[in-house]
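Here is what each chain is made of, one letter per residue.
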Amino acid sequence: MGIQLFSPFFFLRTKGGMLPFNNKLFTFYFFYLLLSAINFRNLTIFHGILGIIIHVNLWYLLFYYYYNRHLIRFQPIINLALILCALELILGFIQYGLPPKHFLNAYADAERGGDVAVVVDSVRVTGTFSYLSGYTAFLIFYSFFTWALIKIQYNARITVTLIALGFLASFMSGSRGTTFTYTLFLIYLVVFEFKEVHYHNIVKSMFMPILLLIMINVITGKLSIVDQIVKAYDNFMVRRENGAASGEEQKRIFWDFEQLYNFEGNYPYYGVGLGSTYQGATQLFGVSPYVIEAGYLETELTRVVVEGGFILLIFRFTLMVFILIKLSFTKRDKLFLFCFFVFFGGYAFNVYNAIFIFLGFVIVDQAFINKDEQISFIQYKRKLRI
């Protein structure tokens, strides 16, 4: 996590690369972050320093990528991502069948005595991250990755298998937000991207694996893989139905916007200082009394306003629109991704989400570029000068 947190600083000095500060919008944003970091209402300067890092992280990486994407080799990214995704899926499947006390299910802070999260009687899978948020962030990238595979018309057998396994991994994570996001991604891809895939190839590719599974199930009378898939789905639905019955599920969908609309903080324009609500800063250096008087804070957009005011929130949406306009997606894709950004929301205070969203954008944008062989290096340079 520390490597991810400080990852933008890895690109401060690179041969032949352009820095995001060449862009005026990003420079103004960064200057505002500096001003917000030294807000006199902040408890310590250390809050402000950490605040700059978490609020600049995703945008620095996205702008850096935009100015240097012509230097990226696409094929190694696909191959590496395919290997790593397969390893995470396999490990997650193993973890789900193990008891909570097994060493493979230990959390990163296990020495503090924290209990492993479960749904019904099964653990919530964490993969190699040993932390729920890390695995759910990986699954956000996984949604983008399947999009890239469809876009470049990768091997149909592998693509469809990964899509199905993505559903299983989402159920095993126990995260409703992640599962709904993955489902929405898939619906969008089926409607707008699968037209580029030859359906008869998919059917032929999947016929033998499905037939083999049925034969094994008939011979043995019981197939633990099938049982585990059914169990993962049933456990997830139990959690979702409990959340729906209590009203929590509906509340979570519009919680951000309700809190923004009814914002009752005393400093709505400039906030009380960057990092003032960030858990990494508050646990180490304390909580500002100006944050305490704002009451209980749960949603990210509200915390952004508390820290940097509505000015910071407007900056955030402006950066979002700018980077979507500049990348290679279609207008329809850009509208879809804008909605994803707005409703998903959690990429400032969750470093995992920021990094995996960045990687997802890179791999899909590169897939679009790879698909259009007529775009030349010279055209890239012309776009960068605009």
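Every value quoted in this text rests on a predicted model; they were computed, and no experiment measured them.

Caption draft 1: Representation of the overall build of the protein chain. Helix and strand content of the protein chain: 16 helices and two strands. For the protein chain, the proportion of its 386 residues judged to be buried stands at 49%. Counted over contacts in the protein chain with a minimum sequence separation of 6, partners at least 24 positions apart contribute 79%. Of the roughly 19,700 Å² of accessible surface on the protein chain, a fraction of 66% belongs to carbon and sulfur atoms.

Caption draft 2: Seen up close, the confidence of the model for the protein chain. In this model, the protein chain carries an average pLDDT of 82, and 80% of its residues clear a pLDDT of 70 or more. The least confident element of the protein chain is helix 16 (residues 377–385), whose mean pLDDT is 52; the most confident is helix 2 (residues 24–37), at 95. Segment residues 374–378: pLDDT under 50, and three contacts once partners within four positions in sequence are set aside and those in other chains are kept.

Caption draft 3: Layout of the nonpolar core. One finds Trp-59, Phe-145, Trp-147 and Phe-361 to be the most contacted residues of the largest nonpolar core, which totals 104 residues. Ranked by residue count, the leading element in this core is helix 3 (residues 45–68), at 15 residues. Beyond its immediate sequence surroundings of up to four residues, Trp-59 is in contact with Phe-26, Tyr-29, Arg-316, Leu-319, Met-320, Ile-323, Phe-341 and Tyr-347.

Caption draft 4: Representation of unusual backbone geometry in the model. In the Ramachandran plot, Ser-130 falls in the positive-phi region, its phi being about 55° despite a non-glycine side chain. Position of Ser-130 among the secondary structure elements: in the loop between strand 2 (122–123) and helix 5 (132–151). Overall, Ser-130 belongs to the partly exposed group, its relative accessible area being 22%. Non-glycine residue Gln-153 carries a positive phi angle of around 55°. Structurally, Gln-153 is set in the loop between helix 5 and helix 6 (156–173). Owing to a relative accessible area of 38%, Gln-153 belongs among the partly exposed residues under this scheme.

Caption draft 5: Local environment of the side chain of Arg-316. Note on placement: Arg-316 falls in helix 13 (residues 300–326). Within the local environment of Arg-316, its side chain forms a polar contact with the side chain of Glu-300, the two groups lying 2.9 Å apart.

Caption draft 6: Main features of the packing of aromatic side chains. This structure, assessed with the given rule, holds 45 aromatic pairs. Centroid distance Trp-147 to Phe-368: 6.1 Å. Interplanar angle 80°. Geometry classified as edge-to-face. Highlighted residues: Trp-147 in helix 5 and Phe-368 in helix 15 (residues 351–371), separated in sequence by 221 residues. Like Phe-368, Trp-147 is buried.

Caption draft 7: Representation of a nonpolar patch on the surface within the structure. Residues Phe-31, Leu-34, Leu-35, Ile-38, Ile-45, Phe-46, Ile-49, Leu-284 and Phe-285 make up a contiguous nonpolar surface patch of roughly 870 Å² in combined accessible area. Going through the elements one at a time, helix 2, helix 3 and helix 11 (279–285) are the ones with two or more residues in the nonpolar patch. Mapped onto the secondary structure, Phe-285 falls in helix 11. A relative accessible area of 31% means that Phe-285 is categorised as partly exposed.

Caption draft 8: Here's a closer look at the packing of helix 4 (residues 74–96) against helix 5. Here helix 4 crosses helix 5 at 135°, and the two axes come no closer than 11 Å. In terms of their interaxial angle, helix 4 and helix 5 are classed as oblique. Judged by the sense of rotation from one axis to the other, the crossing of helix 4 with helix 5 is left-handed. Here helix 4 contributes Ile-78, Ala-81, Leu-82, Cys-85, Glu-88, Leu-89 and Gly-92 to the contact with helix 5, which in turn contributes Tyr-135, Phe-138, Phe-141, Tyr-142, Phe-145 and Leu-149.

Caption draft 9: Region of interest: the environment of Ile-292. Counting through the fold element by element, Ile-292 comes out in helix 12 (residues 289–292). For the pair Ile-292 and Thr-277, spaced 15 residues apart in sequence, the C-alpha to C-alpha distance is 9.4 Å.

Caption draft 10: Seen up close, helix 7 (residues 176–192). With 17 residues, helix 7 should cover 24 Å at 1.5 Å per step; its first-to-last C-alpha distance of 24 Å lies within 8% of that length. Among the residues making up helix 7, those that are buried are Arg-176, Thr-178, Thr-179, Thr-181, Tyr-182, Phe-185, Leu-186, Tyr-188 and Leu-189.

Caption draft 11: Summary view of the packing of helix 5 against helix 14 (residues 331–344). Contact geometry for helix 5 and helix 14: axes closest at 14 Å, N-to-C directions at 175°. Comparing their axes, helix 14 and helix 5 come out roughly antiparallel. Residues Ile-140, Phe-144 and Trp-147 of helix 5 lie in contact with helix 14, whose contacting residues are Asp-333, Phe-336, Leu-337, Phe-340 and Phe-344. Taken together, the residues that form the contact of helix 5 with helix 14 break down as seven nonpolar, no polar and one charged.

Caption draft 12: Spotlight on helix 14. The first and last C-alpha atoms of helix 14 sit 20 Å apart over 14 residues, in line with the 20 Å expected at 1.5 Å per residue. Among the residues of helix 14, Asp-333, Lys-334, Phe-336, Leu-337, Phe-340, Phe-341 and Val-342 are the ones counted as buried.

Caption draft 13: Main features of the environment of Gly-265. Its place among the elements puts Gly-265 in the loop between helix 10 (248–261) and helix 11. The partly exposed category is assigned to Gly-265, whose relative accessible area is 22%. Through-space distance from the C-alpha of Gly-265 to that of Glu-293 is 8.0 Å; in sequence the pair is 28 residues apart.

Definitions and cut-offs
- Residues numbered from 1 in each chain as written.
- Predicted model: local features only at pLDDT ≥ 70, side-chain atom pairs only at ≥ 80, totals over all residues.
- Heavy atoms only, no water.
- Helix = DSSP H or I, 4+ residues; strand = E, 2+ residues; numbered from the N terminus.
- Buried < 20%, exposed > 50% of the residue type's maximum accessible area, 1.4 Å probe, protein only.
- Contact = heavy atoms within 4.5 Å.
- Areas by Shrake-Rupley, 256 points an atom, 1.4 Å probe, with all protein chains shown as cover.
- pLDDT = per-residue confidence, 0-100.
- Core = buried A, V, L, I, M, F, W, Y, C linked by side-chain atoms within 4.5 Å.
- Polar contact = N/O pair within 3.5 Å; in protein donor to acceptor, adjacent residues only side chain to side chain.
- Phe/Tyr/Trp six-rings, centres within 6.5 Å; stacked < 30°, edge-to-face > 60°.
- Patch = residues over 30% accessible without salt bridge, like charges linked within 9 Å, V, L, I, M, F, W, Y side chains within 5 Å.
- Salt bridge = Lys/Arg side-chain N within 4 Å of Asp/Glu carboxyl O.
- Axes fitted to C-alpha atoms, helices over the stretch in contact; angles between N-to-C directions.
- Parallel < 35°, antiparallel > 145°, perpendicular 65-115°, else oblique.
- Left-handed = near helix turned anticlockwise from the far one by under 90°.
- Expected span 1.5 Å × (residues − 1).
- Nonpolar A, V, L, I, M, F, W, Y, C, P; charged D, E, K, R; others polar.

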